[in-house]
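Inside the fold
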Amino acid sequence: MLVNQFLLLGAVLFCIGVYGVLARRNGVLVLMSIELILNAVNINLVALGSVQGPEAAVAGQVFALFVVTIAAAEVGVGLAIVLLIYRNRSTVDLDEVDLMKG
Amino acid sequence: MIAQNIAFAILALVATLAALRVVTTRNVVHAALYLVVVLASVGALYVLLAAEFVAAVQILIYIGAIVVLFLFGIMLTRATIGVESDLDNDQRWIAAITGLFLLGVLTFVLVESFGDDQLPGLAGVSREELTAQRGTGAVGDAIFSTYLVPFEVISVLLLAALVGAIVLARRD
Amino acid sequence: MLEHIWVIPTVTFVSFWLILFLGKRMPRHGAEIGIAALALTFVLSCVATFQWNARPADEVVSPAGEEVHAEEDPSGGHALGQVHALASEVAVEGEGGGEAGHEIEPIRSAVERNVTWFSLGDVTVEAGTLADGLAVVMLFTVTLISLLVHVFSTNYMHGDVRFTYFFAALSLFTTGMLLLVVSSSLLQALFGWELMGLCSFMLIGHWWEKKPNSDAAMKAFLTTRTGDIGLLVGIVIMFFAAGQTFDIATINDLALTGGMGETALVVGALALFLGVIGKSAQFPLHTWLPDAMAGPTPVSALIHAATMVVAGVYLVARLYGVFWEAFDIGAGGINPIAAIGGITILIAAALAFVQTDIKKVLAYSTVSQLGYMIMALGVGAWTAAVFHLFTHAFFKGLLFLGAGSVSHAVHSFEMKDDMGGLRKYMPTTFATFMIGSVALAGLFPFAGFWSKDEILLGAAENGYRLFELIGIIGAFMTAAYMTRCVYLTFFGRYRGHGHPHESPPAITGPLVVLAAFSVGAGLLNFPGFELFGELTENRVLLLAGVEHHAFEVFPAIVSSAVVLAGLAFAGMLFFAQRLPRGVTARNGLARAGYQLLVNKYYLDHLYTGVIIGSIKGRIARAAYWVNQKVIDGVVNAVGIGSAGAGAWVYRHIDQQVVDGAVNGAGFGAEGFGGILRTIQTGRVQQYGALLFGATAVLALSLVIFI
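Residues numbered from 1 in each chain as written. Chains lettered and ligands numbered in written order. Predicted model: local features only at pLDDT ≥ 70, side-chain atom pairs only at ≥ 80, totals over all residues. Heavy atoms only, no water.

**Examining the interface of chain B and chain A**
Quick note on the threshold: Contacts between residues were defined by any pair of non-hydrogen atoms, one from each residue, lying within 4.5 Å. As used here, buried area is the combined drop in accessible area, with a 1.4 Å probe, of two parts when they are placed together. Criterion for a salt bridge: a side-chain nitrogen of Lys or Arg within 4 Å of a carboxyl oxygen of Asp or Glu. Two N or O atoms form a polar contact when they lie within 3.5 Å of each other; inside protein one atom must be a possible hydrogen donor and the other a possible acceptor, and for residues adjacent in sequence the pair counts only when both atoms belong to side chains.
With 83 residues of chain B in contact, the opposing surface of chain A contributes 69 residues. Taken together, both faces of the contact between chain B and chain A bury some 7,000 Å²; the carbon and sulfur share is 75%. Across the contact surface, chain B and chain A share zero salt bridges. Taken together, chain B and chain A are joined by 13 residue pairs in polar contact (both at pLDDT 80 or more).

Laid out in C-alpha cells, this is it:
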C-alpha cells in the first residue's frame with residue numbers, strides 16, 4: 001500500500017470537514033464536521049507513524065489516542081456551549097449568533 | 001497485498017461518500033448516522049494499519065460515546081427531526097471553494113513529497129512479533145512510560161472540560 | 001533534624017487537612033490545631049537551628065572556584081569524628097594552598113537530601129530538602145511569626161463566619177513558605193511559591209462579600225501571576241542551562257564556575273527576577289501590595305513580615321550565584337537588581353507620606369523595606385540583605401499586629417478620622433508600636449539600625465555609592481513617615497467614637513514577644529560577635545567571593561544622624577506644628593506632587609485606564625464604525641477594505657503626527673483595529689472561511705517559493 005492512499009483520504013476528509021464547518025448553520029452539525037477534521041488528522045498520525053517502524057508506529061497511535069481524548073473533551077464543552085446558546089436564544093443557528101460584531 | 005488494497009478502496013469510498021452526506025444532508029439525525037458510518041470505516045482503516053487498539057478506541061469512544069452525545073445534543077436543542085431546508089448558510093459557495101482549494105493544495109503537497117512511497121510491508125512479520133512491537137501492550141507501555149506527562153496533562157484537561165461542561169450547561 | 005527537615009512543612013500541611021475536616025467540631029473551631037502545629041514546627045525549627053550551629057565546619061571553598069572539598073558525609077552526623085579529622089586535614093591543606101595568601105575559614109556544608117520524584121526518559125527529576133544557614137534562619141523566622149499570628153488571630157478573628165477556614169488557610173500558607181524555604185530544587189520551590197499565591201488570594205479575599213475585597217484578592221493574584229510567568233520561563237531556562245537539572249546547589253555552582261552559557265544565564269536571571277518583582281512587590285508591580293490590605297490584619301502581618309513578599313527576596317538569596325554572575329554584581333556601578341530596589345525604596349517611601357489608612361502606611365513601608373533587601377542583594381551585601389529580612393520580619397510583624405490591635409479598639413483603620421491620642425487608652429500597644437517604629441526607622445540600638453547600617457556599608461564598600469545615597473535618603477523618609485504615623489495614631493486628641501480600650505492578652509502577648517525581638521534581633525550581628533553572618537555563611541558566597549563588611553563607626557553615625565534628622569523634621573511638622581500648614585493648598589508645585597502621590601503615580605490608571613482601556617475602547621469603536629459602513633460579503637470587502645485601511649491608516653497617522661499624540665499604546669491599537677475592521681461582522685463562520693482560505697494560500701506560497 002502507498003502512504004499516500006491514507007494521507008490523501010485524510011486530506012479529503014479534512015476538506016469535507018472544513019466545508020462542513022464553514023457552511024453548516026446548525027451548531028451541532030458544525031461540531032460533527034469538526035469531528036471529521038479530527039479523524040482526518042488521526043488517520044495521518046497513524047499512517048505516518050507506521051512508515052517509520054515500530055517505535056514511531058506506537059508514537060503515532062499514542063498521539064491518535066490523545067487526539068480522541070481531546071475530541072471527547074471538545075464535544076463535551078462544545079455541546080454545552082451549543083445548549084447554552086439554545087437556552088438563551090432559542091436557536092442553534094450560528095448566523096444568529098453574532099454578538100462579536102461589536 | 002491486493003486484498004488490502006481492495007479493502008482500502010471500499011473503506012475509503014464509503015468514508016468519503018458518508019462524510020459528504022454528513023455535510024450535505026438536510027436531516028440532522030441522518031447527519032449523525034452518516035457520521036457513524038464515517039467513524040466506523042476510519043476505525044476499519046486503523047486495523048489495516050495494524051493499529052488495533054486505536055481502532056477499538058475509535059469504535060468505543062467515537063461511536064459509543066461521542067455520537068450518542070451528538071444525538072442528545074440534537075434532541076436537547078429540539079432540532080427538527082426530519083428534512084429541514086435551511087441547514088446551510090449563505091456562504092456555502094465560499095466554503096466549497098475554500099475546501100476545494102485546500103484540497104488542491106494538500107493533494108499537490110502530498111503527491112510532491114510522498115509520491116510513490118510504500119508503507120513497509122508487514123507480510124513477513126509474524127503475528128507475535130507484530131503484537132509485541134505495536135500491539136496494545138506496546139501502546140500501553142509507551143503511554144505510561146514515555147508519554148506519562150502528556151497523559152497526565154490530558155487527564156487534567158479532560159477533568160477541566162468535564163467541570164467546564166457542567167458549569168456551562170447547568171441551569172441556575 | 002537537618003536531614004529530616006521535610007518534617008517541618010509536613011506538619012503544617014497535615015494541620016491544614018485536620019483543620020479543614022475536624023476543625024468545626026473542635027471546641028475552639030480548629031484554632032488549637034493550627035497553634036499546636038505551629039508550636040511544634042517552631043520547636044523543630046529551633047532544634048534545626050541549634051543543630052546547624054553545632055554542626056562542624058568541614059567544607060573549605062576557595063573563591064577561585066578550585067575548591068578543596070571535604071569528603072561528603074552521606075549519613076549526616078553519624079561519623080562526626082572521622083569527618084572532623086578529615087576536615088581539619090583538608091583545612092590545613094587549604095590554608096597551605098591558598099594562593100591569595102589569606103586564611104580561608106571552613107564553613108558548614110549544607111545538608112542536602114534528595115529522592116527521585118519522577119523520571120522521564122533520560123531526565124530524572126529529584127525532590128528533596130536543602131538545609132543550610134539561610135534555610136534554618138528562615139524557618140525560625142517564619143514559624144515564629146506564623147505562630148504569633150495564629151495566637152493573635154484567635155482573638156482578632158473571634159466570631160468570624162469562616163473562622164475555621166481562616167486557620168486552615170493560614171496553615172496552608174505557612175506550608176507554602178516552609179516548602180519554598182527547604183526546597184532543594186527549583187521545581188519544588190515553585191510549588192511552594194504558587195501555594196502561597198493561592199493562599200494569599202484566599203486570605204486577602206477572606207471577606208469576599210464586599211466587592212473591593214474580592215477585587216483586591218484578584219489583583220494580588222493576577223499581578224503576582226504576571227511576574228510568575230517570568231519565574232516559570234526562568235526556571236525552564238535554568239533547567240536547560242544547567243544540563244537538565246532543577247537542583248539549586250548545582251545551578252549555583254555551575255553559574256559561578258562558568259558552566260553555563262552567558263546568554264542563557266543573563267536571560268534566565270532576568271526572567272527569574274521578573275518573578276521576584278511580582279512576588280516581592282517591587283516597582284513597577286508593587287501596586288497589589290497596598291490593596292492586599294483588604295484582607296484581615298493578621299494576614300497582612302503574615303504576608304508582609306515572614307512569607308509571600310519575602311519569598312522573592314529569599315529566591316534571589318537562594319539563587320545568588322546565578323544573579324551574581326549574570327549581573328556581574330561584584331563589579332560595582334549599577335545593575336538591574338540594585339536599580340529596581342533603589343527605585344522602589346524611594347517611590348514607596350514617598351507614597352507612605354500621603355496615606356491616611358494606617359495599614360497602607362505600613363504596606364508602603366514594607367514595599368520600601370523590600371526595596372532595601374533587593375537593593376542590598378543587588379549591591380553584593382548578601383548577609384546584610386538576609387539580616388534585614390530577618391530583623392524586618394519582627395518589627396514589621398509587630399507594627400501590623402499593633403495596627404490590628406488599634407483597629408480592634410477603634411474599629412477603623414483611618415488615622416485621620418478615627419484615631420489620635422490612643423497612647424493613654426492602650427499603653428501596651430503604644431509601647432510596642434513605638435519600639436517597632438524606631439526599629440523600622442533604624443535608631444540605635446534597635447534591630448533595624450544594625451541591618452540597615454550593614455546594607456548602607458555594603459553598598460559603599462562594593463562601589464555602589466549612588467545606592468548608598470538612595471539608602472540614606474530612604475532612611476530619612478522612613479523616619480519621617482513613621483513619625484507621622486505614630487503621631488496621627490497615638491498623639492493629639494482622640495477623634496473617633498466610643499471608648500477605646502486595651503486589647504486582651506491574646507493580642508498584646510504576641511506584640512510583647514515581637515517587641516523583644518525587635519529590640520534584640522539586631523544584636524545577633526553585633527560587631528565582633530556576628531553570629532548571624534557566621535550562621536548563614538555558605539558555599540555560594542565563598543565561591544563568588546562575596547565580601548561581608550562588618551560594622552564601622554563613621555557610616556553608622558552618619559546614618560543615625562540622618563534618621564534623627566528625619567525624626568526631627570517630622571516631629572517639627574506634626575508635634576510642634578512649626579512648619580507652615582496647608583502648603584498643598586497654596587503652592588501649586590506641592591499640590592501637584594501631592595496629587596501624584598495620592599494617585600500612586602497613576603500606575604493603576606496606566607494599567608487599567610490607558611493600556612486596557614485604550615485597547616478595548618479603540619478596537620470597539622473602530623469595529624463599530626466599521627459595522628456602520630462595511631458592506632457584507634467578505635470577498636470584495638477584503639479588496640475594498642485593504643485599500644480603505646491604507647487610506648485610513650494614512651489619514652490617522654497624519655492626524656496623530658499633527659496632533660503630536662501622546663498616547664502611544666492607544667495609537668497602536670487604533671491602527672490594528674483599523675485593519676481588523678473589515679472582518680468584524682461577528683459571524684464566526686466568515687472568520688473561519690478567511691482563516692482556512694488564508695492558511696491554504698500561505699501553504700500554497702510555501703510550496704511554490706520554497
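**Observations concerning the environment of Asn44(A)**
Counted only if it meets this: Secondary structure elements are taken from DSSP: a helix is a run of H or I of four residues or more, a strand is a run of E of two residues or more, and numbering for both begins at the N terminus.
In this fold, Asn44(A) is placed in helix H2 (residues 27-51). When the C-alpha atoms of Asn44(A) and Val3(A) are compared, they prove to be 9.4 Å apart, with 41 residues separating the residues in sequence.

**Digging into a nonpolar patch on the surface**
Residue and element names in this part refer to chain C. The line we're drawing: Distance thresholds for patches are 9 Å for like charges and 5 Å for nonpolar side chains (Val, Leu, Ile, Met, Phe, Trp, Tyr), applied to residues having over 30% relative accessible area and no salt bridge. All accessible areas in this document rest on Shrake-Rupley with a 1.4 Å probe, and a residue is counted as covered only by the protein chains that are shown. When a residue's accessible area, from a 1.4 Å probe over protein chains only, is under 20% of the maximum for its type it is buried; when over 50% it is exposed; and in between it is partly exposed.
A cluster of nonpolar side chains, Phe13, Val14, Trp17, Leu18, Phe21 and Leu22, forms an exposed patch at the surface whose accessible area comes to about 540 Å². Here Trp17 shows up in helix H1 (residues 7-22). Accessibility expressed as a relative area gives 38% for Trp17, which makes it partly exposed.

**Overview of the side chain of Thr129(C)**
With respect to the helices, strands and loops of the structure, Thr129(C) is situated in strand S2 (residues 123-131). Not counting residues up to four positions away in its chain, the partners in contact with Thr129(C) are Glu3(C), Ile5(C), Trp6(C), Val111(C), Glu112(C), Arg113(C), Asn114(C), Val182(C) and Ser184(C).

**Here we look at the packing of aromatic side chains**
All names here are of chain C. What counts, and what does not: Classification of ring pairs rests on two measures: the distance between centres of Phe, Tyr or Trp rings, Trp counted by its six-membered ring, which must be within 6.5 Å, and the angle between planes, read as stacked under 30 degrees, edge-to-face over 60 and tilted in between.
Applying the stated criterion to the full structure yields 24 aromatic pairs over all chains. Between Trp17 and Phe21 the ring centres are 5.9 Å apart and the planes differ by 15°, which places this aromatic pair in the stacked class. Of the two residues, Trp17 and Phe21 both sit in helix H1, four residues apart, roughly one turn of that helix. For Phe21, a relative accessible area of 55% corresponds to the exposed category.

**Observations regarding helix H7 (residues 148-169) of chain B**
Quick reminder of the rule: In this scheme, a helix's expected span is set at 1.5 Å multiplied by one less than its residue total. As used here, the arc is the angular range of directions from the helix axis to the C-beta atoms.
A rise of 1.5 Å per residue sets the reference length of H7(B), with its 22 residues, at 32 Å; its end C-alpha atoms lie 31 Å apart and thus fit the reference within 8%. Burial in H7(B) covers these residues: Ile154(B), Ala161(B) and Ala165(B). Seen from one end, H7(B) has its buried residues packed into an arc of 30°, which puts them on one side. Relative to its buried face, H7(B) has exposed residues pointing more than 90 degrees away, namely Val153(B), Val156(B), Leu159(B) and Ile166(B). Looking at the packing, one finds that the buried side of H7(B) touches helix H3 (54-89) of chain A.

**Focus: the pattern of salt bridges**
Side chains that carry opposite charge are capable of pairing whenever their charged atoms lie near each other. Residues and elements named next belong to chain C. Applying the stated criterion to the full structure yields four salt bridges over all chains. Here Asp132 ties to Arg318 by a salt bridge, and the two come within 2.9 Å at their closest N and O atoms. Within this pair, whereas Asp132 is found in the loop between S2 and helix H4 (133-156), its partner Arg318 is found in helix H12 (residues 309-318), the two being separated by 186 residues in sequence. Across this residue pair, the class does not change: Asp132 and Arg318 are buried. Close ionic contact of Arg225 with Glu194 constitutes a salt bridge, the shortest N to O distance being 3.0 Å.

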